[in-house]
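Descriptive structure summary
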Amino acid sequence: MAILRKLARPLLASTFVTGGLHTWRDPKGVAPVAEPVARPVAARIPALPDDPEKLVRVNSAVQVGAGVLFATGRLPRLSALALATTLVPTTLAGHAYWTVEDPEERARQRIHFFKNLSMLGGLLIAAADTHGKPSLAYRVTSHG
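Residues numbered from 1 in each chain as written. Predicted model: local features only at pLDDT ≥ 70, side-chain atom pairs only at ≥ 80, totals over all residues. Heavy atoms only, no water.

Okay, helix H3 (residues 52-71) next. Helix length check: H3, at 20 residues, gives a terminal C-alpha distance of 28 Å against a target of 28 Å (1.5 Å per residue), a fit within 8%. Among the residues of H3, Pro 52, Leu 55, Val 56, Ser 60, Gln 63, Val 64, Ala 66, Gly 67 and Phe 70 are the ones counted as buried. Elements that come into contact with the buried residues of H3 comprise helix H1 (2-25), helix H2 (31-44), helix H4 (76-94) and helix H5 (103-128). (Helix = DSSP H or I, 4+ residues; strand = E, 2+ residues; numbered from the N terminus. Expected span 1.5 Å × (residues − 1). Buried < 20%, exposed > 50% of the residue type's maximum accessible area, 1.4 Å probe, protein only. Contact = heavy atoms within 4.5 Å.)

This part is about the pattern of salt bridges. A complete count under the given rule lists three salt bridges for this structure. A salt bridge links Arg 5 to Asp 129; its shortest N-O distance comes to 2.5 Å. With Arg 5 in helix H1 and Asp 129 in the loop between H5 and helix H6 (136-143), the pair connects residues that are 124 residues apart, well separated along the chain. Judged by its relative accessible area of 15%, Arg 5 falls in the buried class. Of the charged contacts, one joins Arg 108 and Glu 105 as a salt bridge, the two residues approaching to 2.9 Å between their closest N and O atoms. Placement of the pair is Arg 108 and Glu 105 together in helix H5, with a separation of three residues, close to one helical turn. (Salt bridge = Lys/Arg side-chain N within 4 Å of Asp/Glu carboxyl O.)

All right, on to the packing of aromatic side chains then. The full count for this structure, using the stated rule, is five aromatic pairs. Ring geometry for Tyr 97 against Trp 98: centres 5.1 Å apart, planes inclined by 80°, an arrangement best described as edge-to-face. The class of Tyr 97 is buried, set by a relative accessible area of 18%. According to the relative accessible area criterion, Trp 98 is partly exposed, its value standing at 44%. Relative to Phe 114, the ring of Phe 113 has its centre 5.2 Å away and its plane inclined at 85°; by these criteria the two rings are edge-to-face. (Phe/Tyr/Trp six-rings, centres within 6.5 Å; stacked < 30°, edge-to-face > 60°.)

In an α-helix, one full turn covers 3.6 residues, which means residues spaced three or four apart are oriented alike. End to end, H2 covers 18 Å across 14 residues, agreeing with the expected 20 Å (1.5 Å per residue, within 8%). The largest bend in H2 comes to about 45°, at Val 37, with the proline Pro 40 one to four residues further on. Restricting attention to buried positions, one finds in H2 the residues Ala 31, Ala 34, Val 37, Ala 38 and Ala 42. Residues of H2 that are buried make contact with H3 and H4. (Bend = angle between axes of the 7 residues up to and from the residue.)

Here it is as structure tokens:
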């Protein structure tokens, strides 16, 4: 199973690292699309910037950093959780297929939306993966 993790992590992380780098370089291209989601998120979390362009850049930095950590097996559970956290607003802002009028574009966005949901599922599994060892919660409650 260890070899599977070493192969699977970089594959899953690749989308976040490449997408995060692209967005980091050109946040202006993404900020207008992100604004409807970025502003409410920033309003609920005071530590985040309220400027959509800055928030997009923060999101992309987390994706690159957590993606590299996840790909290299460093802090895999925490980095998977960080990636999952960035994926939710990214998906809602970028692939809200239910708002698209054009049938072909709506179908494309629906595919991206559900692809992202699939990645979210994989990240949540990775965040819970204890490498076959009992979790801390299990050890505390069962053997404490």
